[in-house]
Amino acid sequence: VTITDLSNLSVVATHLKQGINYYFRVTAANALGSGPATIPQPPFAMPMPQAPSSPSEINLSVKDGSTLTVEISAPDLDGGETVSTYRIDYNTHEFIHEKQRVSLSCSPSSEIQTVTTLAADINEIQYIVIDSNYQGG
């Protein structure tokens, strides 16, 4: 691939196979020739399917005295798969944006344990599955 539009120094490599490493190198050239190649770090990337990015735009409008309309624009990135569904949650209270990290320590056993907690403030049940065969990663 050769970039001739120097106002946009990026290329999207498409139609790659998932699960295969692709290696890249880049050289710059002028009227006197090409300079040495630069190899990115890490030197390769492997395309794998991912969850899509968030919808690019969401608009709310009042339809009548008891109805709201939600209009959604597709995510910018589909993650390598066609987006098949959208989930719309609504509540009478503002949603809390949070990420939780839970660390547990337990003796190895050959069972899978389920710990259930009730987060009463937001009416949500959280499940934690502990797999004692997990090797880390």
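Scroll up a little and you will see the structure.
Per-chain numbering applies: the sequence of each chain, read as written, is numbered from 1 onward. It should be noted that, the model being predicted, local features are given only for residues of pLDDT at least 70 and side-chain atom pairs only at 80 or more, the latter also being counted only at that level, while totals for whole chains, interfaces and linings use all residues. To obtain the side-chain values, all non-hydrogen atoms of the structure were used and water was disregarded.

## Thoughts on the packing of aromatic side chains
And step 1. Classification of ring pairs rests on two measures: the distance between centres of Phe, Tyr or Trp rings, Trp counted by its six-membered ring, which must be within 6.5 Å, and the angle between planes, read as stacked under 30 degrees, edge-to-face over 60 and tilted in between. As enumerated under the stated definition, the model contains 1 aromatic pair in all.
And step 2. Both rings, one in Tyr-23 and one in Phe-44, keep their centres 5.3 Å apart while their planes meet at 50 degrees; by these two values the pair is tilted. Taken as a pair, Tyr-23 in strand β1 (residues 22-23) and Phe-44 in strand β4 (residues 44-45) lie far apart in primary sequence, 21 residues in all.
And step 3. Exposure is judged per residue with a 1.4 Å probe applied to protein chains only, and the accessible area is read against the type maximum: over 50% gives exposed, under 20% gives buried, and values in between give partly exposed. Note on Tyr-23: relative accessible area 56%, which makes it exposed. The secondary structure listing takes helices from DSSP runs of H or I that are at least 4 residues long and strands from runs of E that are at least 2 residues long, numbered from the N terminus.

## Brief notes about the pattern of salt bridges
And step 1. When a carboxyl oxygen of Asp or Glu lies within 4 Å of a side-chain nitrogen of Lys or Arg, that pair is called a salt bridge. The full count for this structure, using the stated rule, is 1 salt bridge.
And step 2. Close ionic contact of Arg-87 with Asp-89 constitutes a salt bridge, the shortest N to O distance being 2.7 Å.
And step 3. Residue classification places Arg-87 among the exposed positions, given a relative accessible area of 72%.

## Describing a nonpolar patch on the surface
And step 1. Each patch is built from salt-bridge-free residues with over 30% relative accessible area, joining like charges within 9 Å and nonpolar side chains (Val, Leu, Ile, Met, Phe, Trp, Tyr) within 5 Å. Only the protein chains shown count as cover for residues, with accessible areas throughout obtained via the Shrake-Rupley method and a probe of 1.4 Å. On the surface, a cluster of nonpolar side chains totalling about 760 Å² of accessible area is made up of Ile-58, Leu-60, Val-70, Ile-72, Tyr-86, Ile-88 and Tyr-90.
And step 2. When residues of the nonpolar patch are traced back to their parent elements, those giving at least two are β5 (55-64) and β6 (67-75).
And step 3. With respect to the helices and strands, Ile-58 occurs in strand β5.
And step 4. Exposure remark for Ile-58: the relative accessible area of 52% places this residue in the exposed category.

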